[in-house]
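Residues per chain are reported as follows:
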Amino acid sequence: MSNQITFYLPLGLNIDGTIHKRGKMHLTTTLDELKVQEAEEVAMNSRYRDILLLASVIDEIGDIKDVTKETIMNLYEADFLFLQLLYKQVNGESSLITTQCPSCGKDFQFALADLYSDESRIK
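Computed from a predicted structure; not experimentally measured.

1. Some thoughts on the pattern of salt bridges
Two side chains that carry opposite charge are able to pair once their charged atoms sit near each other.
And then number 1: If you walk through the whole model with that rule in mind, you get four salt bridges.
And then number 2: Between Glu 60 and Arg 22 there is a salt bridge, with the nearest N and O atoms lying 4.0 Å from each other. Taken as a pair, Glu 60 in strand S3 (residues 58-61) and Arg 22 in strand S2 (residues 18-26) lie far apart in primary sequence, 38 residues in all.
And then number 3: What makes Arg 22 partly exposed here is its relative accessible area of 35%.
And then number 4: Because the salt bridges share partners, they merge into one network encompassing Arg 22, Glu 60 and Lys 65.

2. Considering the pairing of S2
And then number 1: The sheet contact formed by strand S1 (residues 4-15) and S2 spans eight bridges and is antiparallel. The residue of S2 that forms the bridge with Gln 4 is His 26.
And then number 2: Hairpin connection, S1 to S2: the antiparallel pair is bridged by two residues, and Asp 16 has positive phi, about 50°.
And then number 3: When S2 meets S3, the two strands line up antiparallel, connected through three bridges.

3. Comments concerning the nonpolar core
And then number 1: Residues Phe 7, Met 25, Leu 54, Ile 58, Ile 61, Ile 72 and Leu 83 are the most contacted members of the largest nonpolar core, which totals 25 residues.
And then number 2: Not counting residues up to four positions away in its chain, the partners in contact with Ile 58 are Phe 7, Lys 24, Met 25, Val 67, Ile 72 and Leu 83.

4. Quick word on the state of the cysteines
And then number 1: Tallied over the entire structure, the rule returns zero disulfides.
And then number 2: Cys 104 forms no disulfide, and the closest cysteine sulfur to it belongs to Cys 101, at a distance of 3.6 Å.

5. Here's the deal with helix H5 (residues 77-90)
And then number 1: For H5, with 14 residues, the first-to-last C-alpha span of 20 Å sits near the 20 Å given by 1.5 Å per residue.
And then number 2: If you check which residues of H5 are buried, you get Asp 79, Phe 80, Phe 82, Leu 83, Gln 84, Leu 86, Tyr 87, Gln 89 and Val 90.
And then number 3: Phi for Gly 92, located one or two positions after H5, is positive at around 80°.

6. Quick look at unusual backbone geometry
And then number 1: Backbone geometry places Asp 16, a non-glycine residue, at a positive phi of 50°.
And then number 2: Relative to the helices and strands, Asp 16 is located in the loop between S1 and S2.
And then number 3: Take Asp 16: its relative accessible area is 80%, and that puts it in the exposed class.

7. Considerations on the sheet that holds S2
And then number 1: Read from one edge of the open sheet, three strands run S1-S2-S3, paired in antiparallel fashion. Looking at which strands have only one partner, the edges of the open sheet turn out to be S1 and S3. When strand polarity is set aside, the average angle formed by the axes of neighbouring strands in this sheet is 25°.
And then number 2: H5 rests against S1, S2 and S3 of the sheet, and its axis sits at about 170° to S1.

Calculation notes
Residues numbered from 1 in each chain as written. Predicted model: local features only at pLDDT ≥ 70, side-chain atom pairs only at ≥ 80, totals over all residues. Heavy atoms only, no water. Salt bridge = Lys/Arg side-chain N within 4 Å of Asp/Glu carboxyl O. Helix = DSSP H or I, 4+ residues; strand = E, 2+ residues; numbered from the N terminus. Buried < 20%, exposed > 50% of the residue type's maximum accessible area, 1.4 Å probe, protein only. Pairing = 2+ DSSP bridges. Core = buried A, V, L, I, M, F, W, Y, C linked by side-chain atoms within 4.5 Å. Contact = heavy atoms within 4.5 Å. Disulfide = S-S within 2.5 Å. Expected span 1.5 Å × (residues − 1). Axes fitted to C-alpha atoms, helices over the stretch in contact; angles between N-to-C directions.

Keep in mind that these numbers describe shape and distance, not what the molecule does.
Take a look at the structure:
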């Protein structure tokens, strides 16, 4: 098993008019968790925990190789939520998403990591 996965953001990070969608995330290490727990911002506002954790495990988004908390804070909320769910799935907290077809009403499950695994499917 590789310790790094490739993902595609649903909307993408807009930096100076360039949309960055493809990224890479590594599995969380104990050191990643410890750094986040020690951060002063987390003690002041627990919402920062996810921001800092994603900044520490995302290795790149598009041409951005130094992903910082500011990078994560500039994501669209839909992309931030996607990354939170993907993080949980990749690190064993959740394996499948259950949803319902809006046309037929049938329930089905899928792995979030597979949703945007093929950039050609993103419009």
